[in-house]
Amino acid sequence: MSFETNLPSSPNSQQQDSERPQSIADSAEYSDQEEEEPALRYKRLGGNVHALFEKDTASTLIAAERFLVLGTHWGNVIIIDFEGNEVKKWRAHSTSVNSVSVDIDNEYVASAGDDGRVVVHGLYTDDVTIVNYSRPVKAVALDPYYSRKASRRFVSGGFAGQLIMYEKKWFGKSDSILFTSTGPIQTIKWQENLIAWACDEGVQIYNTDRGARISQIARPEGSPRPDLYLCRLHWKDDRTLLIGWANFVQMVVLKERLQHREQQSSPALGLVGGEGDSGPLLYAEVSVIFRTDFIVCGLALHRDSFLVFTYGDHEMIESMAAENGGQVPKEERQHRARNAPPPELRMINWNIEEVSSDVLPLEGFQLLQPNDYGLAYCAARAQSTSKPPDSDSSTKTSEADAWFILSPKQLVSVRPRGLADHVQWLTERDEYQQALEAIEEAYRGEGQWAMCRDQIKEAEYQSIGQTYAQMLMDSGSSAEAAAICARVLPRTNTPEATEAWESWIFAFAETSSLHEIAPFIPTDSMQLSSTVYEMVLAFLLTSDVAEFKRLIFTWPASLFNAYSVVLAIEDQYQKSTTDKQSLKEIMAFLYDRLNQPSKSLRCHLELYTPDILGRVCRENLFDAVRDKAELVLQYDDHTLGLLDSNHSDVPLQTRCQAEGVQLLTDNADAIPSSSVVKQLVNSPEHLHVYLHTLLAKDPHLGAPFADLQVELYAEYNPERLLNFLRISTYYSFEKALEICEERGLVPEMVFILGRMGDNHRALMLIIDQLRDVPRAIEFAKEQNDPELWNDLVMYSRDKPEFIIGLLELGGTHTNPTKVIQNIPPELNIPGIRRALTNVLHDYHLQVELCTDCNHVLDGDCKLLSDGLRRLQHQGMEVESDQVCLVCQLPLENMPEGSSNVLAFWCGHIYHDKCILHPDVQRKTQINSLGNSDSTDDLLKRSQRLVRSPAEQRRVLMQAKLDRTMMIRQYNPTCPVCVEYDQKKMQQTRSGWSPSERKDREQSNESDNAEDLAELPPMQALTI
């Protein structure tokens, strides 16, 4: 859809009219308030352009990628650079040059003039093509790829009304008429495969690939005659064409359509179907059309808007309409021609809103007409540039677009205002803050100035920032000045950067504002002199302890002398009354840096730093904490929450399990207990906790402090004193008794008196002060002293409760009869009957218990005796290959006079003749209980031959009896075992004294006799 609208000269024209100043002073104030920064930067081209315009005047202009092509009224074609310097020049025509064109490679330039010729001139070769059409040629356009194609095509047109394409073919050159108009061809623009030209009928678009005309865009209704004002064409891209014709602006969009659709036309949209059998693929649509209050002298793109080079205003438009109707006299028309207004360059966005408008008072503008002006556009070229110093990569940016305004005697370059222009404009108005923000935004690659970031170097940025910081310092805004310094001052490790930072820090010191710059002072990327850092710290120590602490904790240790700073902190700590906590934290931190663990731990313990005791164990800092026992236990109190509460609320066992006291007691070798006790003398409660924990670890470690511990228990935990008195043997009885007497601790006094042997006094304390009958009886039982029992009985004879207690609880330790006999006859004893009944019951119970025990013992003895008898009657297995340990003969080989084998319970076996041999008897110290004759008789009798069975049984029985009598008579022992015992005894006696040896011999004789008596009898075995 197209639309038409009237564009006002300025969006805010009505508001501006209402706010016009009424005087010169008001005008200046109004100018300052409403001044806006220009969007474009204008510059008259210098070089030798001025010399050219002294003899000639410009007629047409086109901008190529690297240069400008200028045509003059004397028929010259001049190549100039963007600064106005002449590069090349040749005379192509004998009359005015109406149009010039350049191919995309900037190698060929075409020109058309009123002499009817079209000249194509090679810039780097001598190739020149001249075509003469015999009639003035108003427009020419080279094929964009003219230098790359052999066809060498270009199109031209003029007063003949024909659009002619010139090209070389294989058979020669030829001209093709693409279009014939009723009027002259005014303007031609070639973009890729599309050619647009203007004639009386309107604007035509031709597709060179299809060889067909796409569309005709008719002149807007109500526009002036086409011969009065040139049509201005500008391709925005390959599919968008901008048309400026008199006071109308149109935007035409080329769109694709399917070939199978029927050709359609829409006069409302200005659509004309293409020619040819198959029809073109594109059609044109007028998307935007609007009427203006000025004459369009040129069109060009500008970022998200477009520029319109204009002439006149709405009054001129009305007068031109009147002129066309012949209503204006000739004299008035001549007067107006000599008083023409200056042209303007307007920026209009795609919402058809005027963004800015700049009046250009070009040389001789009063005598110039719209057709005398022109606007050439040079698109930006992409180039690779590096990012600001903060970036570590490079990116693609583009040079700024450029426009060139043509008048007969002047060339003006127009460029978008860059970052440098913007910053200069701001600094001239003391808007340094905005200038810095714009530079930083561009350095980050953001904002509208990102492509221009290279225009402001780092040094200029720093200079602007320091100027702004100085302004802030002069106005008293030191905080803002410090922030600006942090942003703009260099942070490179160079002498210049160091000097800049130090000079600014001293400037802040002169105004007593070091606290403002302190957070921004560089510490990592660069380092200043230590004097600067120490000056800042000294200032903050007395003015801002919180900031001082932050810097100490964050600055590297190499920046300042920590020892000097600690000395200053210690001095300030003595004077300060409000910041002691922070100062102590700082001292602890610095002592750690200085490797002074003793001082550091003292500060940490006073600060109750978490896990500080764990650090002592991990880093083996026991030597450093050796003299800080009191602080360690105070740390425990803080951990247990005892600093603000009553210590009695926390059990002693809980306090003994605290981390600090455990550290002191677990490392008693590194932290001697004697040193700890000396430190805790003035804090008896802490000393009590320490000694109690030490006692639980090892009672012997606290031996030297046992008397002190008795006093501490009596003071803080009397209920634990008795237990301590029981398990400890290192305290003084006299001193302990004195302490207990002072505090009236009777049970403890009783125990101490018992340990001292003064049982009577102890018993009297129980009886007189405690009046505890069970305890008195228990005490008497513990001492097991008959005299003590007599004292208790005698003391109890006139005290009924004691008599009852002795009868009921005395048990076997006292004789109830004696107690009863000492009772006075006249004494009334409540409960005596029950007590006596219990005594008698206990007596009968004891008698029955003894009887039952005897029965149990008798049964056990019988069982054991039966078992022993069965054991003694059991046989013993003897192997056939065993030998006699005396004669070393097999047991089967009986020596002469031997008929049996004797086996001992030790497992040794002998022939009976060998074991009864006199030498063996002497060796085993067997004393004969009879004479040798009886022995021989027994042997002979046992060796007699028996012939009859009855006699054999009688003799066998007699032999068994004789053998038994012989064994009982001689009572032999195992010679091997006897010899082993004698050798062992001799080895043992070698270390005894004579008296000990005698006592041992007597003891061994009695033991041996008992052992022999206990041994079971030997067994006689027959092989």
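From a predicted model like this one, the values you see are computed outputs, not experimental measurements. (Residues numbered from 1 in each chain as written. Predicted model: local features only at pLDDT ≥ 70, side-chain atom pairs only at ≥ 80, totals over all residues. Heavy atoms only, no water.)

Caption draft 1: Local environment of the packing of aromatic side chains. Enumeration over the complete set of coordinates arrives at 16 aromatic pairs. Arranged with centres 5.6 Å apart and planes meeting at 85°, the rings of Phe-309 and Tyr-373 form a pair that is edge-to-face. Of this pair, Phe-309 sits in strand 23 (residues 305-311) while Tyr-373 sits in the loop between strand 25 (354-359) and strand 26 (374-378), placing them 64 residues apart in sequence. Put simply, the rings of Tyr-713, Phe-724, Tyr-731 and Phe-733 touch in pairs and so form one group of aromatic residues. When the ring centre of Trp-350 is taken as reference, the NZ or CZ atom of Lys-236 above it lies at 4.0 Å. Lying across the ring of Phe-553, Lys-549 places its NZ or CZ 5.9 Å from the centre. (Phe/Tyr/Trp six-rings, centres within 6.5 Å; stacked < 30°, edge-to-face > 60°. Helix = DSSP H or I, 4+ residues; strand = E, 2+ residues; numbered from the N terminus. Lys NZ or Arg CZ within 6 Å of the ring centre and 35° of its normal.)

Caption draft 2: The arrangement of the sheet that holds strand 7 (residues 108-113) in detail. Here we have four strands laid out as an open sheet, ordered 6-7-8-9, and antiparallel in their pairing. Every other strand in the sheet has two partners, leaving strand 6 (97-102) and strand 9 (128-132) as the edge strands with one partner each. Taken over all neighbouring pairs, the strand axes of this sheet differ in orientation by 15° on average, direction set aside. The sheet contact formed by strand 8 (residues 117-122) and strand 9 spans five bridges and is antiparallel. In the sheet register, Arg-117 faces strand 9, and the bridge partner there is Asn-132. (Pairing = 2+ DSSP bridges. Axes fitted to C-alpha atoms, helices over the stretch in contact; angles between N-to-C directions.)

Caption draft 3: Summary view of the sheet that holds strand 14 (residues 187-191). Across the sheet, which stays open at both edges, the four strands sit in the order 14-15-16-17 with antiparallel pairing between neighbours. Edge positions in the sheet fall to strand 14 and strand 17 (212-218), since each has one partner strand and no second. On average, each strand axis in the sheet is inclined to that of its neighbour by 15°, with strand direction left out of account. Both strand 15 (residues 194-199) and strand 16 (residues 202-207) contribute to a ladder of six bridges, which runs antiparallel. The residue of strand 16 that forms the bridge with Leu-194 is Asn-207.

Caption draft 4: Examining the pattern of salt bridges more closely. If you walk through the whole model with that rule in mind, you get 31 salt bridges. Across the pair Lys-255 and Glu-285 runs a salt bridge whose closest N-O atoms are separated by 3.4 Å. You can see Lys-255 sitting in strand 20 (residues 248-256) and its partner Glu-285 sitting in strand 21 (residues 282-291), a full 30 residues away along the chain. Taking the relative accessible area as the measure of exposure, Lys-255 reaches 32% and is therefore partly exposed. Among the residues examined, Glu-285 registers a relative accessible area of 12% and is labelled buried. One salt bridge connects Glu-685 with Arg-655, and the closest N-O pair in it is separated by 2.8 Å. Taken together, the residues Glu-685 in helix 23 (residues 684-697) and Arg-655 in helix 20 (residues 652-656) connect sequence positions 30 residues apart. Accessibility expressed as a relative area gives 24% for Glu-685, which makes it partly exposed. (Salt bridge = Lys/Arg side-chain N within 4 Å of Asp/Glu carboxyl O. Buried < 20%, exposed > 50% of the residue type's maximum accessible area, 1.4 Å probe, protein only.)

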